[in-house]
Amino acid sequence: MCRGQYAKAIDRAVFPGMQGGPLAHVIAAKAACLRIAASEEFRRLQRRIVVNAAALAETLADGGLRLVSGGTDNHLALVDLRDSGLNGLECQELLESVNITANRNVVPFDTTNVSVAGGLRVGSPAVSTRGFTELEMRQTGRLIVRAMAARAKPAVLAEIRQEVLDLLEDFPLYEFL
C-alpha cells in the first residue's frame, strides 16, 4: 500500500501502536478507506464540505450570530451564544426539535458548565454528502437563525420543522430507498 522505502516505518507505526493485532477486517477497512480517499470524487466532496461550511457560517453571521474566529476555513463553525439568550444545550435541543443537528460546545473563555456550554458547533459534512450546495447551506443558516428567534413560538417552529423536512426530502440519505 506504499512505496518500499516507507514500508518498514509504516509497519512499525501500525503495529503495535495503532493496531494491536493483524486483524484482517480492520486492515481491509483501512484499505477501502484509503482507496476512497484517493479518488477524485472524494476530493470534490471535501472541497464542497469546506465551501458549504463557509456559506453556513457567513449566513449565520449575517443573521446576527457571533462566530468564534469570525468564520471558518474548515468543515465546521463555532457560534458564541453567550449574548443570544440561549446556552449551547438549549440551542442544541431547540434545533433538534426542528430536525437540525448541531452540538453544544464550549467557546473561548466560556464560564458555563461543559454539559451546558456557551456555544454551538455546526458543520457541513453530513449534508454535503447528501448533496447540499451553498444554496441549501444558506437556507439552513436562515432556518437556524429563524428557529432561535422563534424559540417561544411553537407554530413558527412547526413551520420551520416542515421546511427542514421538505429540504431533506430533496436530498435523500439513500437515493435507492
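Residues numbered from 1 in each chain as written. Predicted model: local features only at pLDDT ≥ 70, side-chain atom pairs only at ≥ 80, totals over all residues. Heavy atoms only, no water.

Caption draft 1: Seen up close, the packing of helix α4 (residues 88–97) against helix α6 (residues 134–149). At a minimum axis separation of 10 Å, α4 and α6 run at an interaxial angle of 110°. Considering the angle they form, α4 stands roughly perpendicular to α6. Along this stretch, α4 crosses α6, giving a crossing that reads as right-handed. Note on element contacts: α6 touches α4 through Ile 144, Ala 147 and Met 148, opposite Cys 91, Leu 94 and Leu 95. Split by residue class, the contact of α4 with α6 holds six nonpolar, no polar and no charged. (Axes fitted to C-alpha atoms, helices over the stretch in contact; angles between N-to-C directions. Helix = DSSP H or I, 4+ residues; strand = E, 2+ residues; numbered from the N terminus. Parallel < 35°, antiparallel > 145°, perpendicular 65-115°, else oblique. Left-handed = near helix turned anticlockwise from the far one by under 90°. Contact = heavy atoms within 4.5 Å. Nonpolar A, V, L, I, M, F, W, Y, C, P; charged D, E, K, R; others polar.)

Caption draft 2: Region of interest: the sheet that holds strand β4 (residues 119–123). Strand order in the open sheet formed by four strands is β1-β2-β4-β3, with antiparallel pairing between adjacent strands. What marks the edges here is a single partner per strand, and that holds for β1 (66–67) and β3 (103–105). Where β3 meets β4, three bridges bridge the pair, whose relative direction is antiparallel. Residue pairing for β4: Asn 103 is matched across the bridge by Arg 121. (Pairing = 2+ DSSP bridges.)

Caption draft 3: Geometry of the environment of Glu 175. Mapping Glu 175 onto the fold places it in the segment after α7 (154–169). When its relative accessible area of 72% is taken as the criterion, Glu 175 is described as exposed. (Buried < 20%, exposed > 50% of the residue type's maximum accessible area, 1.4 Å probe, protein only.)

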